[in-house]
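Descriptive structure summary
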Amino acid sequence: VIIVIVAVIAVGVLILANSDVTLTANDATLTLPNKYALDNKGIASADNVGVLFTPVSGSSSSQEKDFFQAIKDNGKDAGYKNITNTTVNGYTVYDYAANPDKLENVSSNKEYSGDTTTWMTYPPYLAYEGVTTMDVDYFRMLSYIKGDDVYYFTLFTDNPDTSLYSSEIDQIINSFTVGNS
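A few points on the structure. Remember, predicted model here, so these are calculated numbers, not experimental data.

Evaluation of the coordinates by the stated rule reveals 3 salt bridges. Notably, a salt bridge pairs E168 with K35, separated by 3.2 Å at the nearest N-O pair. Residue E168 is located in helix α3 (residues 167-174), and its partner K35 is located in the loop between β2 (28-32) and β3 (37-38); the two are separated by 133 residues in the primary sequence. E168 sits in the partly exposed class, given a relative accessible area of 24%. The shortest N-O distance in the salt bridge between D95 and R140 comes to 2.6 Å. One end of the pair, D95, is in strand β7 (residues 91-98); the other, R140, is in strand β12 (residues 138-146), and 45 residues separate them in sequence. One connected set of salt bridges, linked through shared partners, spans K35, D47 and E168.

Take a look at the structure:
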């Protein structure tokens, strides 16, 4: 009987030790390797990397796309790097990185109509501010957008030697699902 109890406990510990961590935002999920630990603020962390996954409310997908277009067109001059976009499970994923202390306001391209010139200026947005006590040196921001759905996946670190670009992070990014997709 004791051997059976010890075996059941050992199997339970092995299952828990090999379980992935799932971050949920509304009906969307991201799956992280089991080395990530989740704190009471919803931040998962491992190996000097913190991650935050949140739904975006109060903003439309067109505003998000306009912001990203400004970063794509003029972001390099304002401190943004690695500006790309791709598709994951039917969502367009807008991706950029930055050192927060080097960011400046970024403006959209100017549009001319008769005597009128219009453009938008966007201040840096740091999704992790107010949530982490980590002194963030570098971050990577991904926006998953489809229709009116917008989700932010933010990776950040206080170690300038830590890479936020790895095959493990790519697997996390590509694990994004909504509902039963």
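Having seen it, we continue.
Next up on the list: the packing of aromatic side chains. One pass over the full model with this rule turns up 14 aromatic pairs. Their ring planes at 80 degrees and their centres at 6.4 Å tell us that Y96 and F139 sit as a pair that is edge-to-face. Note that Y96 is positioned in strand β7 and F139 in strand β12, a separation of 43 residues in sequence. No difference in accessibility class separates Y96 from F139, as the two residues are buried. A network of ring pairs unites the aromatic residues F67, Y80, Y96, Y122, Y128, F139 and F156 as a single cluster. Stacked on the ring of W119, the Lys or Arg K110 has its end atom at 4.9 Å from the ring centre.

Here is what the cut-offs are and how they apply
Residues numbered from 1 in each chain as written. Predicted model: local features only at pLDDT ≥ 70, side-chain atom pairs only at ≥ 80, totals over all residues. Heavy atoms only, no water. Salt bridge = Lys/Arg side-chain N within 4 Å of Asp/Glu carboxyl O. Helix = DSSP H or I, 4+ residues; strand = E, 2+ residues; numbered from the N terminus. Buried < 20%, exposed > 50% of the residue type's maximum accessible area, 1.4 Å probe, protein only. Phe/Tyr/Trp six-rings, centres within 6.5 Å; stacked < 30°, edge-to-face > 60°. Lys NZ or Arg CZ within 6 Å of the ring centre and 35° of its normal.

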